Amino acid sequence: MTIASYRLDDLLLFSPEVYFSSIAFYNQSIWPLPLLAIAISLLFFWLTLKLDPKKSIATVLILTLGWAWCGAIYHLKFYQQINWMAIYYGWMFIAQSILMMLWLLNVGLVKTEKESASHSETQIVQNSKWQRNIGKILIGLSVFVLPLIGLIDGPNIKASLLLGLSPAPTLLATFGLKLISEKTPWWLLIIPVSFSIVGLLTSHTIGSAQAIAYLLCLLSTFMIMGNWLSTKRAKP
């Protein structure tokens, strides 16, 4: 058998059934945190509808905590039981949360209200209206649609994917917020883009509908890059 004869599912370390069961077990093990995650997700969605500098800090902080949780708990404690690669994924997510927190401290929390008023760095609504609308749609999908993935894949509502507790909705919300915001730096997307590729390949292989979420993340990257390039060209 040659390398070219291998398929993606030949490299998979677990069956689709094991994966979906592990998600359900994860949600049951951390109960009642999923209820809190739903409430925070709704708050996050509301905050992104009309953002000002103070709300900008809150949205990034919610995502930062979500990345940290997915790394330390979801990947390192649960997903690692069926996939040894989760060790690396976990530290990727933790690194992303640290980067987001450092950026947040640099542009937001360390500034006084007077400084924030005179600097637009913490003002998150900067991109064009159509990009902001797409960003809000992605966030809406992460909050209202991805929790139903368990019913689509299973059907098993216990295998729901929740923002802040599971990678896919957390990633999708991150890209959605980036589409809303011009001021978040491009280097904060290196890890999300990398994991979106991994997530897309894995989800497609096991036949999970969450592959669509990862695909949307990658498509969003092209819009973000296009906006970044156009902004660079517009500068004298």
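Heads up: these notes are all about the structure in this document. In this convention, every chain numbers its residues from 1, walking through the sequence in written order. In view of the model being predicted, local features appear only for residues whose pLDDT reaches at least 70, and side-chain atom pairs are presented and counted only at 80 or more, with totals across whole chains, interfaces and linings using the full set of residues. In computing side-chain values, all of the structure's heavy atoms are included and hydrogens and water are not.

**Some thoughts on the overall build of the protein chain**
Put simply, the test is: Numbering of helices and strands runs from the N terminus, with a helix taken as a DSSP run of H or I at least four residues long and a strand as a DSSP run of E at least two residues long. Burial classification: accessible surface area is computed with a 1.4 Å probe over protein chains only, and a residue below 20% of its type maximum counts as buried, one above 50% as exposed, and the rest as partly exposed. Note on definitions: a residue-residue contact is assigned when non-hydrogen atoms from the two residues lie within 4.5 Å. Areas reported here follow the Shrake-Rupley algorithm with a probe of radius 1.4 Å; residue values treat only the protein chains shown as occluding.
Assigned secondary structure in the protein chain consists of eleven helices and zero strands. Reading the protein chain from its N terminus to its C terminus gives the helix and strand order α-α-α-α-α-α-α-α-α-α-α. Burial status across the protein chain gives 45% buried among its 236 residues. In the protein chain, the share of contacts with a sequence separation of at least 24, taken over all contacts with a separation of at least 6, comes to 73%. When the accessible surface of the protein chain is summed, it comes to about 12,100 Å², and 70% of that surface belongs to carbon and sulfur atoms.

**Structural notes on the environment of Asn83**
In plain terms, the rule: Throughout this description, a polar contact denotes any pair of N or O atoms lying within 3.5 Å of each other; where both atoms belong to protein, one of them has to be capable of donating a hydrogen while the other can accept it, and for residues adjacent in sequence the pair is counted only when both atoms sit in side chains.
Within the fold, Asn83 resides in the loop between helix H4 (53-78) and helix H5 (86-109). For Asn83, a relative accessible area of 6% gives the class buried. The sequence separation of Asn83 and Phe14 amounts to 69 residues, and the corresponding C-alpha distance is 7.3 Å. Within the structure, the side chain of Asn83 is placed 3.1 Å from the backbone nitrogen of Met85, a separation counted as a polar contact.

**With respect to the nonpolar core**
Test applied: Nonpolar core, defined: a set of buried Ala, Val, Leu, Ile, Met, Phe, Trp, Tyr and Cys residues in which side-chain atoms within 4.5 Å join the residues together.
Judged by nonpolar contacts, the single largest core of 52 residues is most densely connected at Tyr19, Phe44, Leu63, Tyr79 and Leu171. Counting residues per element, the ones that place at least two in this core are helix H2 (16-29), helix H3 (33-49), H4, H5, helix H7 (129-145), helix H9 (167-180), helix H10 (190-206) and helix H11 (211-234). For this core, the leading source of residues is H9, giving eight residues. Other than its neighbours up to four places away in sequence, Tyr19 contacts Phe14, Tyr74, Tyr79, Ile82, Ile206 and Gln210.

**Details of H2**
Threshold: By this rule the span expected of a helix is its residue count minus one, scaled by 1.5 Å.
Its 14 residues give H2 an end-to-end C-alpha distance of 20 Å, which sits within 8% of 20 Å, the value for a rise of 1.5 Å per residue. The set of residues buried in H2 consists of Tyr19, Phe20, Ser22, Ile23, Ala24, Tyr26 and Asn27.

**A closer look at unusual backbone geometry**
A negative phi angle characterises most non-glycine residues, just as the trans form characterises most peptide bonds. With an omega of 15°, the peptide bond running from Trp31 to Pro32 counts as cis. Topologically, Pro32 is positioned in the loop between H2 and H3.

**Quick notes on the environment of Met101**
Structurally, the position occupied by Met101 is in helix H5. Relative accessible area serves as the criterion here: at 26%, Met101 is assigned to the partly exposed category. Along the sequence, Met101 and Leu61 sit 40 residues apart, while their C-alpha atoms lie 7.4 Å from each other. Ignoring anything within four residues of it in the chain, the contact list for Met101 reads Leu61 and Thr64.

**Structural notes on H10**
Side chains three or four residues apart in an α-helix point the same way, a direct result of the helix having 3.6 residues per turn. Selection criterion: What the arc describes is the spread of directions from the helix axis to the C-beta atoms.
For H10, spanning 17 residues, the distance from its first C-alpha to its last is 25 Å, which sits close to the expected 24 Å at 1.5 Å a residue. Inspection of H10 places Ile191, Pro192, Phe195, Ser196, Gly199, Thr202, Ser203 and Ile206 among the buried residues, and these make up the whole buried set. What you see down the axis of H10 is that its buried residues fit within an arc of 140°, all on one side. Just downstream of H10, Gly207 is the residue with a positive phi angle, here 75°.

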